[in-house]
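Structural overview
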Amino acid sequence: AAYQLLLSSRQNSNASKTILKGSEETNGKKSTYQITSRNARTSHSSQTENKQTEHKPSSSQKYEEIEIALNPEDLMEDRLNTSTSSAASSISGLGIREPTYNLSHYPKFALECIRYDLSDEASAALANAILSDIGYSTSSYDIIDAQKMMREKNRAGVESTNIINEFDFRCLGMDGKINKNSLVLERVDGYQRCILKPVEHITFTNESGGHRGRYIEHCDVEEKKNKGENEAHHAFNLLKKYNATDKIEAILVDNTAKNTGRLNGLHPNLERLLQRPIHLITCMLHINELPLRHLFVELDGKSKTPGKYSGPIGKAIENSVWNDEPVTFKSISVSQDFVNLNSSDKKDLSNDQKLLYAYCLAISSGEVPDDVKGKKPGPVFHARWLTTAIRVMILYTRTNNPSPELMLLTEFIVKSYTFFWFRIRQLDNFTKAPQILHEMVHILNDFPDVVKDIVVPVIKRNSFCLYSDNFLASLLFSTVREHRQKAVDVIIDCRRSPKQPGEKLRNGASFVQTVRTQALPKIDFGAATWTELISLQDNDMFEPPCSKKLSEQELFNLIDDPIDPPNYPIHSQSVERGVALTTKVVKRAASLEKRNNLAQSTVRARQRRGSFFTKKSYTFE
């Protein structure tokens, strides 16, 4: 009897293998993209009657490459329409997939696991636990293992990168950073091993169109002397990869010399590769920080080590001064044009940004509200001075007899730095940059000469928004008719009397042919309006790249019928968020493709579902 039972078992096993082999020959081998159709559910439910053939696939079943989302309504309908047996209450018995294999897909769950950086094993354990709790996992074939979650995450990453094809690519944001703990694959002692080492990465973002501010990808940068030329080649390769070399009209960068250098910077090198001019948009938030940084160093002394200050103000703000009770202090009035943020505007701000706004209002009123007193600001970060500005204001409200340096520094933060930080966020278009720069120049009249001597040279060195093409774009898309008339006249003159190609500039022992030669224009610091900041007659004028697609007739029509300017940003905060995301993913994967897939999946998960603290605030896709 035992022998007959063993023989029967082997025959059934061979028959099952024969059926599966025939199915593979007809439909292809099992893959993560195959699931059974809903039409096969009847045959599945009938098979569950017989225990011997409960998990055997039928040779007549056809696999279809479709995806069925597991949502509660579908599962409840299946449970009501099927038998009440244990197989019917499991995922296998629902007919959503072939019972022998777990071919179901969990795209939303995979995105959430990627967003919160869960390992494959942890993701599988959580999935199995919740399926078991709700009664949909009663068979061993319903179990999700770590390999299954790895495939689901890879699938989510590939699907997330498809959105890049919808990007506008007219304005490209980019920034580089050396990450000290980047995961790389290297041969060590004859074996391929993943190790952590410093690697520089360039992050690219799309800064135009409907997907403005979206992460594109990042790349590894080789160590070379000419960083501007090297980064220009990486940007050009990215544009060629997505067939966007003819679309690009502007790049958004910070104000470092490697980006803005007249000869070897990123901007002129990329223009040479494209063989045409493009807009250079520099971050106005960065320009707003530079005067504060130089003023702080002049009044309090240079820092000896990164993150540490040497002067009395710098040492004091490193302490927990927010724990002290505020004292009676002299109020500092803020401009009447200071941005009035409502509750909806504050939702888009970080905690430090909200605290900057709150302390500015507190100092202008002369009293710190109770709900602001004990709030802790972020750590001192020399690359961005927002938290330093907050700590200086907190120190001012906790000091009985502030020194003249602390008084002057606080006044500059309240009247200039904080005011323009929110002003830049409010006027978020690159055509508004000359207007903001004129307001920065005008507000210097409220400060003594020591401040002017420090701030004026900084503004002169960073006034890239006054390049002729950027300035003409601001005039062309102005709401004032006279400004548009002036811009059209100059643009028509540029077309009818084109400038000669850029001069040959010396680059070491050789000469480099530039597409055009631009120099920072002379600024009139006594200008009454922003349109008088530079002279259109004393500077070489170049047509804005964003207007070259307009015919002469369209330009003339624009004088009386204004159109909206291109939605290129005025600051690079979205690029900085992309750099932070790159810093996160380079620690999780060594493959460049997998890192970019992880980054895109994280962005997609954040956009699919925002933060929620109550059930009512949870949003379904």
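Bear in mind that the values here come from a model prediction, so they are computed numbers and not experimental data.

**Observations regarding the overall build of the protein**
In terms of regular secondary structure, the protein is built from 23 helices and 9 strands. Evaluated residue by residue, the protein yields a buried proportion of 49% over its 621 residues. In the protein, of all internal contacts separated by at least 6 residues, the share reaching a separation of at least 24 is 72%. If you sum the accessible surface of the protein, you get close to 31,100 Å²; carbon and sulfur atoms cover 50% of it.

**Here's the deal with helix α6 (residues 146–161)**
At 3.6 residues per turn, the α-helix brings residues three or four places apart onto the same side. With 16 residues, α6 extends 23 Å between its outermost C-alpha atoms, agreeing within 8% with the 22 Å of an ideal straight helix rising 1.5 Å per residue. As for α6, its buried residues are in contact with α4 (107–115), α5 (120–133) and α23 (592–608).

**Details of the sheet that holds strand β6 (residues 250–253)**
On the basis of which strands lie adjacent, the open sheet formed by 5 strands has the order β5-β4-β3-β6-β7 and mixed pairing. Of all the strands in the sheet, just β5 (214–221) and β7 (279–282) have a single pairing partner and so form its edges. Between one strand axis and the next, the sheet turns through 35° on average, direction left out of account. Pairing of β6 with β7, which is carried by 4 bridges, proceeds in the parallel orientation.

**Brief notes about the confidence of the model for the protein**
Parts of the model with low pLDDT should not have their predicted coordinates read in detail. Mean pLDDT over the protein works out to 81, with 79% of the residues at or above the 70 mark. The low-confidence segment residues 19–98 (pLDDT under 50) makes 133 contacts with residues lying over four places distant or belonging to another chain.

**Structural notes on unusual backbone geometry**
Trans peptide bonds make up most of the peptide bonds, and negative phi angles are found at most residues other than glycine. Located in the positive-phi region is F169, a residue other than glycine, with phi close to 65°. Looking at the element boundaries, F169 is found in the loop between α6 and β3 (171–188). For Q275, which is not glycine, the phi dihedral falls at a positive 60°. Mapped onto the elements, Q275 comes out in the loop between α9 (266–274) and β7. Judged by relative accessible area, Q275 falls into the exposed class, the value being 62%.

**Some remarks on the side chain of R391**
Mapped onto the elements, R391 comes out in helix α15 (residues 386–397). Summary of buried charges: R391 has no salt-bridge partner, and the nearest side chain of opposite charge, D352, is 7.8 Å away. If near-sequence neighbours (up to four positions away) are discounted, R391 is found in contact with I317, E318, N319, W322, P377, G378, P379 and V380.

**Considering the pattern of salt bridges**
According to the stated counting rule, one finds 22 salt bridges in the structure shown. A salt bridge links R609 to E112; its shortest N-O distance comes to 2.9 Å. You can see R609 sitting in the segment after α23 and its partner E112 sitting in helix α4, a full 497 residues away along the chain. The exposure class assigned to R609 is buried, which follows from its relative accessible area of 4%. Sharing partners across several salt bridges, the network here consists of E112, R608 and R609.

**Some points on the packing of aromatic side chains**
For any pair of aromatic rings, the description rests on two quantities: the centre-to-centre distance and the angle between the ring planes. Inspection of the entire model under this criterion finds 11 aromatic pairs. Ring geometry for F167 against F169: centres 6.3 Å apart, planes inclined by 50°, an arrangement best described as tilted. The exposure class of F169 is buried, given its relative accessible area of 3%. Plain terms: the ring middles of W421 and F422 are 5.0 Å apart, the flat faces sit at 70° to each other, and that makes the pair edge-to-face. The same class applies to W421 and to F422, which are both buried. In textbook terms, an aromatic cluster arises when at least three aromatic residues are bridged by ring pairs, as seen for F167, F169 and Y242.

**A short note on the nonpolar core**
Counting 99 residues, the largest nonpolar core has L356, L409 and F422 as its most contacted members. Broken down by element, this core gets its largest block of residues, 12 residues, from helix α16 (residues 404–426). Those residues in contact with F422, other than ones at most four positions away along the chain, are F338, V339, L341, L349, Q353, L356 and Y357. Core analysis: the next-biggest nonpolar cluster, separate from the first, contains 28 residues, I163, A232, L239 and L270 among them.

**A short note on the environment of Y215**
Relative to the assigned elements, Y215 resides in strand β5. Residue Y215 is classed as buried on the basis of its relative accessible area, which comes to 3%. Taking the C-alpha atoms as reference points, Y215 and T205, 10 residues apart in sequence, are found 4.6 Å from one another. A distance of 2.9 Å separates a polar atom in the side chain of Y215 from a polar atom in the side chain of H218.

**Here we look at the pairing of strand β4 (residues 191–206)**
Looking down a regular strand, the side chains alternate between one sheet face and the other. The pairing of β3 with β4 spans 15 bridges and is antiparallel. The residue bridging G173 from the neighbouring strand is T205, located in β4. The loop that links β3 with its antiparallel partner β4 comprises 2 residues; one of these, D189, has a positive phi angle of about 55°. Pairing between β4 and β5: 7 bridges, direction antiparallel. Within β5, the position partnered with E200 by the bridge is V221.

**Notes on the pairing of β3**
Pairing of β3 with β6, which is carried by 3 bridges, proceeds in the parallel orientation. The partner of L172 across the bridge, within β6, is I251.

Conventions adopted
Residues numbered from 1 in each chain as written. Predicted model: local features only at pLDDT ≥ 70, side-chain atom pairs only at ≥ 80, totals over all residues. Heavy atoms only, no water. Helix = DSSP H or I, 4+ residues; strand = E, 2+ residues; numbered from the N terminus. Buried < 20%, exposed > 50% of the residue type's maximum accessible area, 1.4 Å probe, protein only. Contact = heavy atoms within 4.5 Å. Areas by Shrake-Rupley, 256 points an atom, 1.4 Å probe, with all protein chains shown as cover. Expected span 1.5 Å × (residues − 1). Pairing = 2+ DSSP bridges. Axes fitted to C-alpha atoms, helices over the stretch in contact; angles between N-to-C directions. pLDDT = per-residue confidence, 0-100. Lys, Arg positive; Asp, Glu negative; His and termini not counted. Salt bridge = Lys/Arg side-chain N within 4 Å of Asp/Glu carboxyl O. Phe/Tyr/Trp six-rings, centres within 6.5 Å; stacked < 30°, edge-to-face > 60°. Core = buried A, V, L, I, M, F, W, Y, C linked by side-chain atoms within 4.5 Å. Polar contact = N/O pair within 3.5 Å; in protein donor to acceptor, adjacent residues only side chain to side chain.

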